[in-house]
Structure formats: C-alpha cells, structure tokens
Amino acid sequence: MGSNSGYAGKIARVDLSTGAVTQVPTEQYARDFLGGQGLATKMYWDEVLPQVGALDPDNRLIFATGPCAGFQGLAGARWVVCGKSPAANPEFFTHSNLGGTWGVELKAAGFDGLVVHGKAESPVYLLVQDGEIQIKDASSLWGKGAVRVRETLKGELGDSVRVVATGPAGDNMAVPSTLLADDDSCGTGSLGAVMGSKKLKAIAVRGSGGVSAAHPQRLQELLGRVADLRRDFPSTDSRGGEGAE
C-alpha cells in the first residue's frame, strides 16, 4: 500500500505528554476498515479503554482521510475528526465530518491519519509538512478565536498552509466548542473541548505530494461516467438556476 493505492501509506501518532512522534503503516488498518472513519473507529476501539473520560489525556483525537481524498472529480475531500465526546452522559465515541481542503492537504503531506493523545504542559500546535511533524509553541495563540489563529499561522507560515483550530470555548473545554478549518469548514461533536484538554490549539498542514490510483484507466472511466451524469442531470437550486450543489 502506498502512492499507488489511494493512500499516502502512513498514520502519524503524536504523544503530547512526552513529545514523541511515531508512524505506523496505514495498511495494517485499511485492508479491513474502509475510509477515514473506519480507520479512526478501529484505532479508538483498540486504544481507548471504556473508563477513559473524554477530557482525559488517554482519549484519542483522530484526524483521518479516506482513499478518495486527493482525486479530483470524486468529491472525496471529506475528512473526519473522531474521539470520545464530552457532550453526552455517558460520554461516547463520536465523529465530525468536515470538508474544505485540510484533509486533502494532510494526505499531500504524507499522512492518511493523525492520532493525538496525551496532554502538553503548555499550549502547542502541530506543524505537519511533507512527512515531518513538529510540536510548536502556541502560547501566543491561546484564548484567540479560530479565525484569528488561522490568519496568524498563515501570516507566519504562508498562505499555502491549511489550518484547523479551536477557539476560546475549546481552550476552556466548554462542551459546545467546535473546530474550524480552512474554507470555514466546521467540526462539531464538542471535539474542540478535547483539543483544549490536550492543550492543542491548532494543526497546520502543508504538503507537496499526491496519490495515484491503483487502476488509473478504470478511474478515468468512472470520472467519464460522472461527467455524463452531471451533463444529463444538472443540479438546480430553489430558483431554478443550474449548477447549484
């Protein structure tokens, strides 16, 4: 599994308590569990004990993409954030489905998923670039809104970086807190509070890689059929105009 299969081939693990960053092959999960949500659910099931609370360091916060991410024309830009949520009693595993460009950029940076556990001593953000992950100080970002954080990191790192962040509600582990990524894609499920519990303010990703299909000709045939369907059955908005999606 790798660049010829729709996957980048690696899942990164970040322990914020120790600062350790490790990698595991995507293949050990993806052969039996489909898509980003499938990968995340399997990892959560294996690693988070029932008695672990949503805001405990041992809870996992899992960011994952699926095999269609990165292929134009497949509408595969969706990605998920998963973990135990503090929003219900009893607390339970949940997932938040987001769009925009962050998930595709994570794959371009060389990773199909990112598993975060532990708790940093002070606020941090993760910088993910072409197979490398750095834990960076985010003390100056703590308490700021997600949009401000995104603008600040883009100002420092360049407009090409993609950012997912939480705001003051997440920092204070408020149950209604959300995540906000590029293109104003919003993640619910109170997982912003889980980010706050780990002192994780944001994750910035940038990559120059890509993926290719295991069967390129079959992919092109599929895209041709999709194009035919769009031509034959154009979508319309409530005012009768064509092209709304």
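Scroll up to find the structure.
My aim in this report is to walk through the structure given alongside it, one point at a time. (Residues numbered from 1 in each chain as written. Predicted model: local features only at pLDDT ≥ 70, side-chain atom pairs only at ≥ 80, totals over all residues. Heavy atoms only, no water.)

Quick word on the packing of aromatic side chains
- Overall, the coordinates contain three aromatic pairs when judged by the stated rule.
- Note on Tyr44 and Phe93: the rings are 4.6 Å apart at their centroids and 45° apart in plane angle, and the pair reads as tilted. Placement of the pair is Tyr44 in helix α2 (residues 35–47) and Phe93 in strand β5 (residues 92–98), with a sequence separation of 49 residues.
- Given a relative accessible area of 23%, Phe93 falls into the partly exposed group.
- Linked through ring pairs, Phe63, Trp79 and Trp102 together constitute an aromatic cluster.
- Here the basic side chain of Lys10 rests over the ring of Phe111, its NZ or CZ set 5.1 Å away from the ring centre.
- If you follow Lys201 out to its NZ or CZ, it ends over the ring of Trp142, 5.8 Å from the centre. (Phe/Tyr/Trp six-rings, centres within 6.5 Å; stacked < 30°, edge-to-face > 60°. Helix = DSSP H or I, 4+ residues; strand = E, 2+ residues; numbered from the N terminus. Buried < 20%, exposed > 50% of the residue type's maximum accessible area, 1.4 Å probe, protein only. Lys NZ or Arg CZ within 6 Å of the ring centre and 35° of its normal.)

Here's the deal with the environment of Gln37
- In this fold, Gln37 is placed in helix α2.
- Here the alpha-carbon distance between Gln37 and Val81, two residues 44 residues apart in the chain, equals 8.2 Å.
- In this structure, Gln37 is in contact with Val80 and His95, ignoring residues within four places of it in sequence.
- A distance of 3.4 Å separates polar atoms of two side chains, one belonging to Gln37 and the other to His95. (Contact = heavy atoms within 4.5 Å. Polar contact = N/O pair within 3.5 Å; in protein donor to acceptor, adjacent residues only side chain to side chain.)

A closer look at the nonpolar core
- Formed by 28 residues in total, the largest nonpolar core has its most connected members in Phe63, Trp102, Leu114 and Ile203.
- Excluding residues within four positions of it along the chain, Trp102 makes contact with Phe63, Trp79, Arg162, Val163, Val164, Ala181, Ile203 and Val205. (Core = buried A, V, L, I, M, F, W, Y, C linked by side-chain atoms within 4.5 Å.)

Things to note about the sheet that holds strand β4 (residues 79–85)
- Spatially, the six strands line up as an open sheet ordered β2-β1-β6-β3-β4-β5, and their pairing is mixed. Strands at the two margins of the open sheet, each flanked by one partner only, are β2 (20–25) and β5. Taken pair by pair, the neighbouring strands of this sheet meet at an average axis angle of 15°, ignoring direction.
- Here four bridges tie strand β3 (residues 61–65) to strand β6 (residues 113–117), and the two strands are oriented antiparallel to one another. For Leu61, the partnering residue across the bridge sits in β6 and is Val116.
- Against the sheet, α2 engages β1 (10–15), β3, β4, β5 and β6, with an angle of about 150° to β3. (Pairing = 2+ DSSP bridges. Axes fitted to C-alpha atoms, helices over the stretch in contact; angles between N-to-C directions.)

Digging into the layout of surface pockets
- Here the largest pocket defines a volume of roughly 190 Å³.
- As for the largest pocket, its lining consists of 12 residues, and the residues nearest its centre are Phe71, Ala213, Ala214, His215 and Leu219.
- Of the residues in the lining of the largest pocket, the class split is eight nonpolar, three polar and one charged. (1 Å grid on protein atoms, 1.4 Å probe; cavity = no way out; pocket = protein on both sides within 12 Å on 5 of 7 lines; lining within 4 Å. Points joined across faces, edges and corners; volume = space filled by probe spheres on them. Nonpolar A, V, L, I, M, F, W, Y, C, P; charged D, E, K, R; others polar.)

Focus on helix α4 (residues 146–157)
- Here α4 is 12 residues long and its end C-alpha atoms lie 16 Å apart, about the 16 Å a rise of 1.5 Å per residue gives.
- All of the buried residues in α4 are Ala146, Val149, Arg150, Leu153 and Lys154. Down the axis of α4, the buried set is contained in an arc of 130°. They therefore lie on one face. Seen from the buried face of α4, the exposed residues on the opposite side, beyond 90 degrees, are Arg148, Glu151, Gly155 and Glu156.
- Considering only its buried residues, α4 is in contact with β7 (124–129), β9 (162–165), β10 (179–181) and β12 (200–206). (Expected span 1.5 Å × (residues − 1). Arc of directions from axis to C-beta.)

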